[in-house]
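Working through the structure, step by step
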Amino acid sequence: DTAVSQTPKYLVTQMGNDKSIKCEQNLGHDTMYWYKQDSKKFLKIMFSYNNKELIINETVPNRFSPKSPDKAHLNLHINSLELGDSAVYFCASSQGRGANEKLFFGSGTQLSVL
Amino acid sequence: GENVEQHPSTLSVQEGDSAVIKCTYSDSASNYFPWYKQELGKRPQLIIDIRSNVGEKKDQRIAVTLNKTAKHFSLHITETQPEDSAVYFCAASIYGNEKLTFGTGTRLTIIP
């Protein structure tokens, strides 16, 4: 029973395409996140949702659009993919809303834009 | 906003020796300091955390120390084992703030 699951695990696509990554958590947590990890392993928060409400939106290009249909799901849609979007994208969840909550990460989606 | 610096970026130690990773933070209001471990190809996982009302916390072979005056905190791993090889991330946040700021990571390699 995976706590935070995201699909697909690998995504290889051409520049200019549109793609989505899905995330689901079965922990009953209220808050979900998307993090981007680049080739240097830097972990940067992109978005955070609490009970379907957007609470963090870092300076991410508007080609990235998160959607939270309910508090157990947070999907990430990316339009017009660029080479620089290649990275590992991690979904995460936490019980509460504050930044001093333990984060539970998904297994990551390796996105390669050719 | 908060800025977290982490050193060293890479660290190699002989199996059985100790490893120390250090982080400094910029905002004196920060009061929560977790450490995450990411094994190769795996997800980051919380291994230990400390809040600003304590100066040290231990969990078996790992410990974290906090110096609020100097605004730095460190991860100590004793009797290192091959399974300790991973990338370690420190982080800092302010209570009530939404955002956790991560350090740049330390790749720890344990040499058998």
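The text that follows walks through the structure, step by step, so that each part is easy to find. (Residues numbered from 1 in each chain as written. Chains lettered and ligands numbered in written order. Predicted model: local features only at pLDDT ≥ 70, side-chain atom pairs only at ≥ 80, totals over all residues. Heavy atoms only, no water.)

Overview of the packing of aromatic side chains
If you walk through the whole model with that rule in mind, you get twelve aromatic pairs over all chains. Taken together, a centroid distance of 5.6 Å and an interplanar angle of 55° make the contact between Tyr35(A) and Phe105(A) tilted. Of this pair, Tyr35(A) sits in strand β4 (residues 31–37) while Phe105(A) sits in strand β10 (residues 104–105); the two residues are 70 residues apart in sequence, bridging distant segments of the chain. Of the two residues, Tyr35(A) and Phe105(A), both sit in the buried class. Plain terms: the ring middles of Phe89(B) and Phe102(B) are 6.3 Å apart, the flat faces sit at 90° to each other, and that makes the pair edge-to-face. (Phe/Tyr/Trp six-rings, centres within 6.5 Å; stacked < 30°, edge-to-face > 60°. Helix = DSSP H or I, 4+ residues; strand = E, 2+ residues; numbered from the N terminus. Buried < 20%, exposed > 50% of the residue type's maximum accessible area, 1.4 Å probe, protein only.)

Here's the deal with unusual backbone geometry
In the segment running from Thr7(A) into Pro8(A), the intervening peptide bond is cis, with an omega of 0°. Structurally, Pro8(A) can be placed in the loop between β1 (4–7) and β2 (10–13). Look at the link from His7(B) to Pro8(B): it is a cis peptide, with omega at -5°. In this fold, Pro8(B) is placed in the loop between β1 (4–7) and β2 (10–14). Positive phi is not limited to glycine here, since Gln60(B) has a value of about 60°. Among the secondary structure elements, Gln60(B) is positioned in the loop between β6 (56–59) and β7 (62–67). At Lys71(B), a residue that is not glycine, the phi angle is positive and equals roughly 55°. Looking at where Lys71(B) falls in the secondary structure, it is placed in the loop between β7 and β8 (72–77).

Thoughts on the sheet that holds β7(B)
Adjacent strands of a sheet form backbone hydrogen bonds with each other and so pair up, either parallel or antiparallel. All names here are of chain B. Taken together, five strands build an open sheet; the order of strands is β1-β3-β8-β7-β6 and the sheet is antiparallel. On the outer flanks of this sheet lie β1 and β6, each paired with one strand and no other. Going from strand to strand, the sheet's axes swing by 15° on average, the running direction of each strand aside. In this sheet, β7 lies alongside β6 in antiparallel orientation, the contact comprising four bridges. Across the sheet, Lys 58 pairs through a bridge with Ala 63, a residue of β7. (Pairing = 2+ DSSP bridges. Axes fitted to C-alpha atoms, helices over the stretch in contact; angles between N-to-C directions.)

Overview of the interface of chain B and chain A
Facing 19 residues of chain B, the contacting portion of chain A comprises 22 residues. Around 1,900 Å² of area is buried between chain B and chain A when both sides are counted, 57% of it from carbon and sulfur atoms. It is Arg43(B), Glu98(B) and Phe102(B) that lose the most area in chain B upon contact with chain A, and together they represent 33% of the buried surface on that side. At the boundary of chain B with chain A, the tally comes to one salt bridge. A salt bridge links Glu58(A) to Lys99(B); the nearest nitrogen and oxygen atoms lie 3.0 Å apart. If you look at where chain B meets chain A, you find five residue pairs in polar contact (both at pLDDT 80 or more). Listed by contribution, the elements that provide at least two residues to the side of chain B that touches chain A are β4 (32–38) and β5 (45–51) of chain B. Considering every element that reaches the side of chain B that touches chain A, the biggest residue donor is β4(B), with three residues. Across the side of chain B that touches chain A, the residue classes tally to eight nonpolar, five polar and six charged. (Contact = heavy atoms within 4.5 Å. Buried area = accessible area lost by both parts, 1.4 Å probe. Salt bridge = Lys/Arg side-chain N within 4 Å of Asp/Glu carboxyl O. Polar contact = N/O pair within 3.5 Å; in protein donor to acceptor, adjacent residues only side chain to side chain. Nonpolar A, V, L, I, M, F, W, Y, C, P; charged D, E, K, R; others polar.)

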